Amino acid sequence: MSLKLRLARAGTKKRPFYHIVVADSRSPRDGRFIERLGFFNPLLPKDNAERLRLDLEKVKGWVAKGALPTDRVSRFLDDAGILKRETRNNPEKAIPRKERKAMEAAKA
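Residues numbered from 1 in each chain as written. Predicted model: local features only at pLDDT ≥ 70, side-chain atom pairs only at ≥ 80, totals over all residues. Heavy atoms only, no water.

A. The overall build of the protein, seen in detail. Each helix and strand in the protein was counted, giving three helices and five strands. Ordered by position from the N terminus, the helices and strands of the protein form the series β-β-β-β-α-β-α-α. In terms of C-alpha radius of gyration, the protein reaches 18 Å, well past the compact-globule figure of 13 Å for 108 residues. The contacts of the protein with a sequence gap of at least 6 include a subset with a gap of at least 24, amounting to 28%. About 8200 Å² of surface is accessible on the protein, with carbon and sulfur atoms providing 50% of the total. The averaged location of the 14 negative side-chain charges in the protein is 6 Å from the averaged location of its 27 positive side-chain charges. (Helix = DSSP H or I, 4+ residues; strand = E, 2+ residues; numbered from the N terminus. Rg over C-alpha atoms; globule rule 2.2 N^0.38 Å. Contact = heavy atoms within 4.5 Å. Areas by Shrake-Rupley, 256 points an atom, 1.4 Å probe, with all protein chains shown as cover. Lys, Arg positive; Asp, Glu negative; His and termini not counted. Charge placed at Lys NZ, Arg CZ, Asp CG, Glu CD.)

Put into C-alpha cells, the structure is as follows:
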C-alpha cells in the first residue's frame, strides 16, 4: 500500500480550507484517509500562526513508515525542518510564449 501525505480540501465554495492527511494513494482527494495530521488555511496572511498547523511527531512517524509527501506538503515540511526538498528550476517558464517560439525558430 502506497501512502501519501497530502491535502484534502474542506471548506465551502470560494473559501478553501485544507486538512493535511495520510491516505492511500489510490483513494480520492477528499475521500477516505488514515489519519489527520494538521490543517492549512490559505486565506490567512502568511505571517499568521493559524495559517498552518502540523503535528510534527505524527508526521515524523509516518515519514519513517514510508509515507511520501506531495509537492505542496513537502514545502511545508521543508519549512518546518523535517524534510529537505529539492529546489526546482525552470527558467524557460518565465519567458513569454511568443519569445520562446522566436528563439526556437532562430535555433532552427
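So much for the structure itself; the text now carries on.
B. The packing of aromatic side chains, seen in detail. Evaluation of the coordinates by the stated rule reveals three aromatic pairs. Ring pairs connect the aromatic residues Tyr 18, Phe 40 and Phe 76, which therefore count as one cluster. Between Lys 65 and the ring centre of Trp 62, over which it is positioned, the NZ or CZ distance is 4.5 Å. (Phe/Tyr/Trp six-rings, centres within 6.5 Å; stacked < 30°, edge-to-face > 60°. Lys NZ or Arg CZ within 6 Å of the ring centre and 35° of its normal.)

C. Highlighting the side chain of His 19. Within the fold, His 19 resides in strand E2 (residues 15-24). Looking at His 19, its side chain comes within polar contact range of the side chain of Arg 36, at 3.4 Å. (Polar contact = N/O pair within 3.5 Å; in protein donor to acceptor, adjacent residues only side chain to side chain.)

D. View of the sheet that holds strand E3 (residues 35-40). The mixed open sheet is built from five strands, whose spatial order is E4-E3-E2-E1-E5. At either end of the open sheet lies a strand with only one pairing partner, and these are strand E4 (52-54) and strand E5 (68-69). Packing of helix H1 (residues 56-64) onto the sheet brings it into contact with strand E1 (3-12), E2, E3 and E4, and relative to E3 it is tilted by some 125 degrees. Strands in contact with helix H2 (residues 71-80) are E1, E2, E3, E4 and E5; relative to E1, the strand with the most contacts, it is inclined by about 100 degrees. (Pairing = 2+ DSSP bridges. Axes fitted to C-alpha atoms, helices over the stretch in contact; angles between N-to-C directions.)

E. Focus on the side chain of Ser 27. For Ser 27, the position within the fold is in the loop between E2 and E3. Among the polar contacts listed, one links the side chain of Ser 27 to the backbone oxygen of Asp 24, at a separation of 2.8 Å. One polar contact links the side chain of Ser 27 to the main-chain carbonyl oxygen of Arg 32, over a distance of 3.2 Å. Beyond its immediate chain neighbours, meaning those up to four positions away, Ser 27 contacts Arg 6 and Arg 32.

F. Representation of the pairing of E3 in the model. As paired elements, E2 and E3 share five bridges and run antiparallel to each other. Counted as the bridge partner of His 19 is Phe 39 from E3. In terms of strand pairing, E3 meets E4 through three bridges, oriented antiparallel. Across the sheet, the residue bridging to Phe 39 is Arg 53, located in E4.

G. Quick peek at the pattern of salt bridges. As enumerated under the stated definition, the model contains six salt bridges in all. Salt-bridge contacts for Asp 30 lead to Arg 29; the nearest nitrogen and oxygen are separated by 2.9 Å. A salt bridge links Asp 55 to Lys 58; the nearest nitrogen and oxygen atoms lie 3.9 Å apart. Using a relative accessible area of 34% as the deciding quantity, one classes Lys 58 as partly exposed. Look at the salt bridges and you will find they share partners, linking Glu 35, Asp 55 and Lys 58 into a network. (Salt bridge = Lys/Arg side-chain N within 4 Å of Asp/Glu carboxyl O. Buried < 20%, exposed > 50% of the residue type's maximum accessible area, 1.4 Å probe, protein only.)

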